[in-house]
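The lines below spell out each chain.
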Amino acid sequence: MEKLQPVATAASIAMDECDFGTSLELGIDLFCSGHSQLHSLITSLLVQAYSMLHRPQYIAIAKAHLERREKSIHLSIFELDK
């Protein structure tokens, strides 16, 4: 998180300057990482970006997925069956 904080801060500054794509891209990249420690940062970035882009349905989808991510089956194609 320590190394990621300056990037998140830069994305927030870009958001203030009406560059919504920066926060959206960072939020999606972190979302795809799958790390549960990043859920609060992901939510913050995506909610801000999708709000400014007038896409509330995507906010609902992202939040629902993050809430249930740990409860679903692990679908990684890279993990070998044991």
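A quick note: this is a predicted structure, and the numbers were derived from the prediction, not measured.

## A word on the overall build of the protein chain
Here is step 1 of the chain: A count of helices and strands for the protein chain gives four helices and zero strands.
Here is step 2 of the chain: Starting at the N terminus and ending at the C terminus, the protein chain contains elements arranged as α-α-α-α.
Here is step 3 of the chain: Across the 82 residues in the protein chain, those meeting the buried criterion constitute 27%.
Here is step 4 of the chain: Long-range contacts, defined as pairs at least 24 residues apart, comprise 47% of the intrachain contacts of the protein chain with a sequence gap of at least 6.

## As for helix H4 (residues 56-68)
Three- or four-residue spacings in an α-helix give side chains the same orientation, since the helix completes a turn every 3.6 residues.
Here is step 1 of the chain: Between its terminal C-alpha atoms H4 stretches 19 Å, which fits the 18 Å expected from 13 residues at 1.5 Å a residue.
Here is step 2 of the chain: Within H4 the residues assigned to the buried category are Ile-59, Ala-62 and Leu-66. Seen from one end, H4 has its buried residues packed into an arc of 70°, which puts them on one side. Seen from the buried face of H4, the exposed residues on the opposite side, beyond 90 degrees, are Ile-61, Glu-67 and Arg-68.
Here is step 3 of the chain: Turning to H4, the residues buried within the fold contact helix H2 (20-33) and helix H3 (39-52).

## Details of the environment of Thr-22
Here is step 1 of the chain: Its place among the elements puts Thr-22 in helix H2.
Here is step 2 of the chain: Considering only alpha carbons, one finds Thr-22 and Ser-12, ten residues apart in sequence, at a separation of 8.4 Å.
Here is step 3 of the chain: The residues contacting Thr-22, other than those within four sequence positions of it, are Ala-11 and Ala-14.

About the thresholds
- Residues numbered from 1 in each chain as written.
- Predicted model: local features only at pLDDT ≥ 70, side-chain atom pairs only at ≥ 80, totals over all residues.
- Heavy atoms only, no water.
- Helix = DSSP H or I, 4+ residues; strand = E, 2+ residues; numbered from the N terminus.
- Buried < 20%, exposed > 50% of the residue type's maximum accessible area, 1.4 Å probe, protein only.
- Contact = heavy atoms within 4.5 Å.
- Expected span 1.5 Å × (residues − 1).
- Arc of directions from axis to C-beta.

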